[in-house]
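Observations on the three-dimensional arrangement
Read off the chains here:
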Amino acid sequence: ETCNGTRLKKESQFFLIDNKSISQVNQMDIIDLKKWIDSLENKFDSKKTVIASEIIKEISKRIDFIIDVGLDYLNLNRQTKSLSGGESQRIRLATQIGSQLQDVLYILDEPSIGLHQIDNYKLIKSLKKLRDLSNSVIVVEHDKEIMLQSDYIIDIGPGAGKNGGNIVFKGPYSQIIKSKSITADFLNGKNSIKKERYNIKNEGFLILYGCNGNNLKNIDLKIPIGKIVGICGVSGSGKSSLINQTLYPILNNHFFNGNKESLPYKSIEGLNYIDKVIQINQSPIGRTPRSNPATYTGLYNEIRDLFSKLPESTIRGYKPGRFSFNVKGGRCEECMGAGMKKIEMNFLPDVYVECDACNGKRFNKETLSVKFKNKSISDILNMTIKDAGDLFSNYPKIVRKLNYLNKVGLGYITLGQQSTTLSGGESQRIKLATELSKRDTGKTLYIFDEPTTGLHFKDIKVFLDIIFELSSKGNSIIIIEHNIDVLKVSDYIIELGPRGGKNGGRITFEGSLNDIIADKNSITGSFIKKEVNL
């Protein structure tokens, strides 16, 4: 209450430039700041202009770099922890362009995350600026447009996990489209993402009235039941505010008695059409090396149970806890069941080395001597999901979960792979497989937040096949997405905009795929049109 959130004491607010204190300038978004800085040049007398002109030039240059990477909607005082991964990366990119360094090797990991196509072009322009300053730029990326604009492409494969690790192509874009890799098939049109149309009649609508959180302008959201609904719009247009911070908490509170905090909306109708809500995002499935796909999906409980019923375990009196690496008794006590030992390096990052007592197997000799089809519990944790499916083919409870993990394209990861080594896309698909393995009622609402992040074209195709399966059972699906391949197979599209930040927060379009292509005012529609060649 003393500084009204400005963080500065009263005396600091007394210094004004063009009747604005530093706190007022700090609250501006980048676009307004640009206008204000440009207007200052004519507001000083000749003596002050001499001092101010160089500073204005430098500030203006830095603002341009931020605008170039598509972040003109951000406020200067926005906390960095509230930025998405893509936004943080692009701010660092703007800093590097501004530093004007030469002969530097830049490595960017999926900079297009969370970017609308219109901003993607700005990003590519920025990367080319870095290159033209005599730098080398390596971009780890799945985005088609970035591949098209690259000078040189390296394609790694042919598959994933143990089936990958080879360079299957290296050369320019003009050459890759003539090659025979999985990536090439999607780039040259031999393979593509299509939708089998389901004749599901629309039962009704879930309608949310008066949404006004963050930058939302008191809008009404209308979600058709039993359809795949794509939510699109430029970065910062209000997609997350509308779906993740308004709709999901309302439904979560209603079905699962969540927090009863007041939410920024007036009323909701159509709740009778759905019986539960499931949100699947890309947050990690666990934050420690102890969590893994087997523990997250509940598979490990079933496997431990099976091991405890083996004749050898019955004779020795081993219970399921004996086969847990988190409980004393069966685990290796030297590494407490982690298989690795942490060496603290004081000023350097911690180093993990394999435990020399159990050789990374996590369990003691007695536990490892109990075997199922000649495999110890440690061997099973080191098996891929595909191989485990064959091993447990006669155990319906186990194989059902394994089949779903296989179905979402994760047959290559091991059951005991540390969750900290999984990508966002892999984590999301593990969550999806876990939900799919539960019995569904056909009245579930699924919410996905940019599910294609980190996914290759082939993975997107696998993911969408599962979405179509869920939809065919009558479930409703909301997907917040920039990826055109996902939007073009949606039954209904809602676009927010027209811009980001305070210039967003409105619904600028809602309707079918053909309607958004025909809408000349839709920014996203023009990109969809280009993709579907209509």
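In the block above lies the structure referred to throughout.
Remember, it's a predicted structure, so these values are computed and weren't measured experimentally.

Reading across the sheet, the 6 strands line up as β9-β12-β13-β7-β14-β15 and stay open at both edges, with mixed pairing between neighbours. Two strands close off the open sheet at either side, each with one partner strand: β9 (276-280) and β15 (506-511). If you compare each strand with its neighbour and ignore which way they point, the axes differ by 15° on average. Pairing analysis gives 5 bridges linking strand β7 (residues 228-233) to strand β14 (residues 492-497), with the strands arranged parallel. For Cys232, the partnering residue across the bridge sits in β14 and is Glu495. Lying over the sheet, helix α9 (residues 239-256) contacts β7, β9, β12 (444-449), β13 (476-480) and β14, oriented at roughly 140° with respect to β9. Against the sheet, helix α17 (residues 424-436) contacts β9 and β12, and its axis sits at roughly 155° relative to β9.

Another aspect to go through is the pairing of β14. Counted residue by residue, β14 has 6 buried out of 6 residues, so it is predominantly covered. Across the two faces of β14 the burial is the same, with Tyr492, Ile494 and Leu496 and Ile493, Glu495 and Gly497 all buried.

What follows concerns the sheet that holds strand β5 (residues 205-211). As summarised here, the arrangement of the 3 strands in space is β6-β5-β8, forming an open sheet in which the pairing is antiparallel. Each having just a single partner strand, β6 (219-224) and β8 (267-269) make up the two edges of the open sheet. Between one strand axis and the next, the sheet turns through 10° on average, direction left out of account. By the bridge criterion, 3 bridges tie β5 to β8 in an arrangement that is antiparallel. Across the sheet, residue Leu208 finds its bridge partner in β8, namely Ile268. Taken strand by strand, α9 contacts β5, β6 and β8, and its axis lies near 115° from that of β5.

Bringing the nonpolar core into the picture now. The biggest cluster of nonpolar side chains holds 63 residues, and the ones touching the most others in it are Phe307, Ile380, Phe392, Leu415 and Phe448. The greatest single-element share of this core, amounting to 8 residues, is contributed by helix α18 (residues 457-472). Not counting residues up to four positions away in its chain, the partners in contact with Ile380 are Ile303, Phe307, Phe372, Lys375, Leu391, Phe392 and Leu415. Counting residues in each nonpolar core, the second largest holds 27 residues, with Leu216, Val229, Ile231 and Tyr248 among its members.

With that settled, consider the packing of aromatic side chains. This model, assessed by the stated rule, comprises 13 aromatic pairs. With a centroid separation of 5.5 Å and an interplanar angle of 25°, the aromatic rings of Phe186 and Phe457 are classed as stacked. Taken together, the residues Phe186 in helix α8 (residues 182-187) and Phe457 in helix α18 connect sequence positions 271 residues apart. By the burial criterion, Phe186 is buried, and Phe457 matches it. With centroids separated by 6.5 Å and ring planes inclined at 80°, the aromatic side chains of Phe392 and Tyr395 adopt a geometry described as edge-to-face. Residue classification places Phe392 among the buried positions, given a relative accessible area of 0%. Looking at Tyr395, the relative accessible area reads 29%, which means it is partly exposed. Positioned over the ring face of Tyr318 is Arg322, at 4.2 Å from the centre of the ring.

At a minimum axis separation of 9 Å, helix α5 (residues 117-132) and helix α21 (residues 523-532) run at an interaxial angle of 80°. With respect to α21, the axis of α5 lies roughly perpendicular. Contact with α5, carried on its side by Gln117, Ile118 and Tyr121, involves Ile523, Phe527 and Lys530 of α21 and no other residues of that element. Here the contact of α5 with α21 is built from residues that sort into 4 nonpolar, 1 polar and 1 charged.

Let us now look at the packing of α17 against α18. Two quantities define a packed helix pair, namely the angle between the axes and the distance from one axis to the other. Orientation of α17 relative to α18, taken along the N-to-C sense of each, is 25°, at an axis distance of 12 Å. Between α17 and α18, the crossing angle belongs to the class labelled roughly parallel. The two elements α17 and α18 cross, and the hand of that crossing is left-handed. Across the interface between the two elements, Arg429, Leu432 and Leu436 of α17 pack against Asp459, Phe463, Ile466 and Leu470 of α18. Its residues placed into classes, the contact of α17 with α18 shows 5 nonpolar, no polar and 2 charged.

Another aspect to go through is α17. When the terminal C-alpha atoms of α17 are compared, their 18 Å separation across 13 residues agrees well with the 18 Å that a helix rising 1.5 Å per residue should span. Burial analysis of α17 places 12 of its 13 residues in the buried class, which makes it a mostly covered element. At its buried positions, α17 is contacted by β9, α10 (293-297), α16 (396-407), β12 and α18.

Below, the discussion takes up α5. Spanning 16 residues, α5 covers 23 Å between terminal C-alpha atoms, matching the ideal 22 Å at 1.5 Å per step. Every buried residue belonging to α5 is among Gln117, Asp119, Asn120, Leu123, Ile124, Ser126, Leu127 and Leu130, and all of these are buried. One face of α5 carries all of its buried residues, which in axial projection span an arc of 160°. Turned more than 90 degrees away from the buried face of α5, the exposed residues are Lys125 and Asp132. Looking one or two places after α5, you find Ser134, whose phi comes out positive at around 75°.

This part takes up the side chain of Asp155. Relative to the helices and strands, Asp155 resides in strand β3 (residues 153-157). The charged side chain of Asp155 is buried without a salt bridge, its nearest counter-charge being Lys458 at 12 Å. A polar contact is formed between the side chain of Asp155 and the side chain of Ser181, at a distance of 2.8 Å. For Asp155, the side chain forms a polar contact with the side chain of Thr183, separated by 3.1 Å. Excluding residues within four positions of it along the chain, Asp155 makes contact with Asn166, Ile167, Val168, Phe169, Ile176, Ser181 and Thr183.

What counts as what
- Residues numbered from 1 in each chain as written.
- Predicted model: local features only at pLDDT ≥ 70, side-chain atom pairs only at ≥ 80, totals over all residues.
- Heavy atoms only, no water.
- Pairing = 2+ DSSP bridges.
- Helix = DSSP H or I, 4+ residues; strand = E, 2+ residues; numbered from the N terminus.
- Axes fitted to C-alpha atoms, helices over the stretch in contact; angles between N-to-C directions.
- Contact = heavy atoms within 4.5 Å.
- Buried < 20%, exposed > 50% of the residue type's maximum accessible area, 1.4 Å probe, protein only.
- Core = buried A, V, L, I, M, F, W, Y, C linked by side-chain atoms within 4.5 Å.
- Phe/Tyr/Trp six-rings, centres within 6.5 Å; stacked < 30°, edge-to-face > 60°.
- Lys NZ or Arg CZ within 6 Å of the ring centre and 35° of its normal.
- Parallel < 35°, antiparallel > 145°, perpendicular 65-115°, else oblique.
- Nonpolar A, V, L, I, M, F, W, Y, C, P; charged D, E, K, R; others polar.
- Left-handed = near helix turned anticlockwise from the far one by under 90°.
- Expected span 1.5 Å × (residues − 1).
- Arc of directions from axis to C-beta.
- Lys, Arg positive; Asp, Glu negative; His and termini not counted.
- Salt bridge = Lys/Arg side-chain N within 4 Å of Asp/Glu carboxyl O.
- Polar contact = N/O pair within 3.5 Å; in protein donor to acceptor, adjacent residues only side chain to side chain.

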